[in-house]
Amino acid sequence: MEAIRKLAVIGAGVMGAGIAAQIANAGFPVLLLDIVPKDGEDRNAIAKNAIARMMKTEPAPLMSAAAARLITPGNTEDDFDKLAECDWIIEAVIESLEIKQALYRRIDVVRKAGAAISSNTSTIPLAALVAGMSEGFAANFLITHFFNPPRYMRLLELVTGAATTPALAERVAVFADHALGKTIVPCKDSPGFIANRLGVYWMQVGVLAAIDLGLTVEEADAVMGRPFGIPKTGIFGLIDLVGLDLMPHVNASLAEALPASDPFHAANRDVPLIRKMIAEGFTGRKGKGGFYRLRRDGSKRIKEAIDLASGDYRAERTPTLPEDAARDPKKLLTRNDKLGAYARRVMAHTLAYAARLVPEAADDVTAIDEAMRLGYNWKFGPFELIDRIGAAGMRALLAAENVEAPMLLATAAEASGFYRLHGARTQFLGGDGVYHDVLRPAGIVLLDDIKRVAKPVSKNASASLWDIGDGVACLEFTTKMNALDPGIVDLIARSVALVAEKFKALVIYNESGNFSVGANLGLAAFAANIAAWGEIEKTLAAGQKAMLALKYAPFPVVAAPAGMALGGGCEILLHADAIVAHAETYAGLVECGVGLVPGWGGTKEMLARLAASPALPKGPMPAVAQVFEMVSTARVSKSAQEAREMGILRRGDEIVMNRERLLASAKARALALAADYRPPEPPVFVLPGPSGKLALMMAAGGVHRQGLATAHDLVVAEALAEILSGGTADPLAPRDEEAMLALERDAFMRLVRTEPTLARIAHTLETGKPLRN
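So, a few notes on the structure that sits alongside this text. This one's a predicted model, so the numbers in the text were calculated from it and none came from an experiment.

A word on the overall build of the protein
Helix and strand counts for the protein stand at 33 helices and 23 strands. A compact globule built from 773 residues would reach a C-alpha radius of gyration of about 28 Å, and the protein, at 28 Å, matches this within 12%. Dimensions along the principal axes, computed over C-alpha positions, put the protein at roughly 85 × 65 × 65 Å. Considering only contacts within the protein whose residues lie at least 6 apart along the sequence, 70% involve residues at least 24 apart. Of the roughly 32,800 Å² that the protein leaves accessible, carbon and sulfur atoms contribute 56%. Of the charged side chains in the protein, 84 are positive and 87 negative, and the gap between their average positions amounts to 3 Å.

Spelled out as structure tokens, the structure:
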């Protein structure tokens, strides 16, 4: 079969357009078709408007402006024959079997042999979709259920039929994995597939239980949040996010498709409050509000929540769970109050229902756990939660709620859990009562798997160094948000010596949500408050030394970021020999936002990169001006592709779409570099001197006069301009790396002593937001 090179999406609604955007994000051309509008001269207006809307949407469906240019808008009358050029055609029209099949009959006429056709349906069985279609169409058809928004949600539920060609399904799955960054979860052709089947049931049970037990929406969401590893939106916040108006449609679809014996029917009770809210436009975040809303009172924004009994809004009240209950689900489930009763009611029914779905919706428990982790952002899948509660706790839970235990739960209780570590392998309990190895797809290496069976080469409270095989070590940060502290700086220095002695290369990587949010501001604030200026300067110098040790190590260093790589985290990227970045990497030197400048070599490294860029004119000012604008505004990339456009990633650096393939790709790059490695030559800087600084400050002054910069912004900008212009030295005299680092240290230490900078740091620590002072 031919490789997938060109794709089409039919249906330019939010979902279809989002799928087209992710295809374009991956660098592939995609045809986006919709119907011809009844009014207007532009027959492609619906698809064009969808693309234009995505350029303005936040969070952005598109990773860069360049990606938008890979989407070709069209319509299903004039451009239908162009589907013959496509290797994969994705249908994302309304959930109507009649409309879908009419479209399929047209596609069957024009499609090229071997082209894959899939539906993004979440409610209609595959068997119904292909009923009456040609054998050739059925052989090339499958369901690919993307989750919204397609750029950010990693789950792709894949459903094949009896007639689907296995090689075609494998080709689609491999493309969706490698190119689109999706984790593929095979599903049975059953109603709602996996994630929505269980997730909708969980939400429905949660809403009814909160009403029956007299909880507030805030209490319900606090219980169905952190204690169970569920996002803080809980149930009511999640419904607001997806839209209350979707609930009746999804519930009706499941009610029609599921047999009368299914427990969903008992939970599918009419809720008059929800009907009233939808009728009045309170459909969640996309409407006038939902279970939560923001009300404006003059310049104030007041957070409110709805009273489930009266239907009236009142000021939001944040409940506080006892710390033990917030951390341990077993403690919460045994509480003798309404919060414990709510936890028992919802989780007893939800976990028992999950057990019913094997093998009806999925072959094994791993597929259900994966679907809920990725589709609903649960930290633990339902069977992982059952193991955390324990067999005895689960029996007590089901008995308390008078819920019948499915056979699978009894089997797990006898076998002591759904998961176990057997030698070097994680195993899961199958429906046959036997443990089977959890298998990763080829090319996926996870640090968590290595950590289960290995001991670190070196570690402290802030970081660990791991042997990941083939002569490659991995440095992992382990602080909160991976904020950089003296422990990390110390282990960087020790790791350079250890890797030089025992390994070929080093990868800097972790599997938490963010690579690093930068230096630990709390430590800096504490030192400043006791006027420990010498300690701050010592930490600054140690960080600079550690960065240089990485840069000039006798082995290659590859940084593998995902999520935020800010401030010092970005400086680590800039000092690595190569970057292999997950597509969702948000990098930038953000120190000016807290009244400081990059202090660990970030300014000089950014300057060196842009000075060498063929995209900029030669001479001292173009690179200086671009770095000044980027750093003074604390600009952060919205994707790895944008980080490349900013110059943080270089041309040879890689972008990996699938998060789970990041470590393996970084390791491969490190080994390739190790084959004939030599450390880089130290850079030499030719800078514009005082006249260049004057030009930069004239530009900053203009921004200040427009009201877009504060007085202290100008102070910070001047310190940055001092570094970038090379200080007061002769502009014709080259500056070496040490001179640039000295300028960074001097500027940093001047700023950290100012009251406005200290106020910015304190405000950021307290609120997580910048202070404009």
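From this point on, the discussion continues.
Overview of the packing of helix 23 (residues 521–529) against helix 33 (residues 755–767)
Packing of helix 23 against helix 33 leaves a shortest axis separation of 10 Å and a crossing angle of 135°. In terms of their interaxial angle, helix 23 and helix 33 are classed as oblique. Both helix 23 and helix 33 take part in a crossing whose hand is left-handed. Packed against helix 23, whose contacting residues are L521, G522, A525 and A528, the element helix 33 presents L758, I761, T764 and L765 at the interface.

Describing unusual backbone geometry
Omega for the peptide link from N148 to P149 comes to 0°, which places this bond in the cis form. The amide bond that connects V358 to the next residue, P359, takes the cis arrangement and shows omega of 5°. Here P359 lies in helix 16 (residues 338–360). Of note, S416 is a non-glycine position whose phi angle comes to about 70°, a positive value. Assignment of secondary structure puts S416 in the loop between helix 20 (407–415) and strand 12 (419–422). Of note, the phi angle at D470 is positive, near 60°, even though the residue is not glycine.

Digging into the environment of Q641
Within the secondary structure, Q641 sits in helix 28 (residues 640–646). Overall, the relative accessible area of 26% leaves Q641 in the partly exposed class. Not counting the four nearest positions on each side in its chain, Q641 is found in contact with M63, S64 and I655.

Quick notes on the pattern of salt bridges
Counted according to the given criterion, the structure contains 49 salt bridges. A salt bridge links R635 to E642; the shortest N-O distance between them is 3.3 Å. Judged by its relative accessible area of 38%, R635 is partly exposed. The shortest N-O distance in the salt bridge between K693 and E722 comes to 2.8 Å. Linking K693 in helix 30 (residues 689–705) with E722 in helix 31 (residues 711–725), this pair joins segments that are 29 residues apart in sequence. Just as K693 is buried, E722 falls in that class too.

Observations regarding helix 19 (residues 391–400)
Taken together, the buried positions of helix 19 are occupied by M394, L397 and L398. One face of helix 19 carries all of its buried residues, which in axial projection span an arc of 95°. Counted as exposed and oriented over 90 degrees from the buried face of helix 19: A392, R395 and A399. Contacts made by the buried residues of helix 19 are with helix 15 (329–333), helix 16, helix 18 (382–389) and helix 20. Within two residues after helix 19, N402 carries a phi angle of roughly 55°, on the positive side.

Thresholds, definitions, all that
- Residues numbered from 1 in each chain as written.
- Predicted model: local features only at pLDDT ≥ 70, side-chain atom pairs only at ≥ 80, totals over all residues.
- Heavy atoms only, no water.
- Helix = DSSP H or I, 4+ residues; strand = E, 2+ residues; numbered from the N terminus.
- Rg over C-alpha atoms; globule rule 2.2 N^0.38 Å.
- Contact = heavy atoms within 4.5 Å.
- Areas by Shrake-Rupley, 256 points an atom, 1.4 Å probe, with all protein chains shown as cover.
- Lys, Arg positive; Asp, Glu negative; His and termini not counted.
- Charge placed at Lys NZ, Arg CZ, Asp CG, Glu CD.
- Axes fitted to C-alpha atoms, helices over the stretch in contact; angles between N-to-C directions.
- Parallel < 35°, antiparallel > 145°, perpendicular 65-115°, else oblique.
- Left-handed = near helix turned anticlockwise from the far one by under 90°.
- Buried < 20%, exposed > 50% of the residue type's maximum accessible area, 1.4 Å probe, protein only.
- Salt bridge = Lys/Arg side-chain N within 4 Å of Asp/Glu carboxyl O.
- Arc of directions from axis to C-beta.

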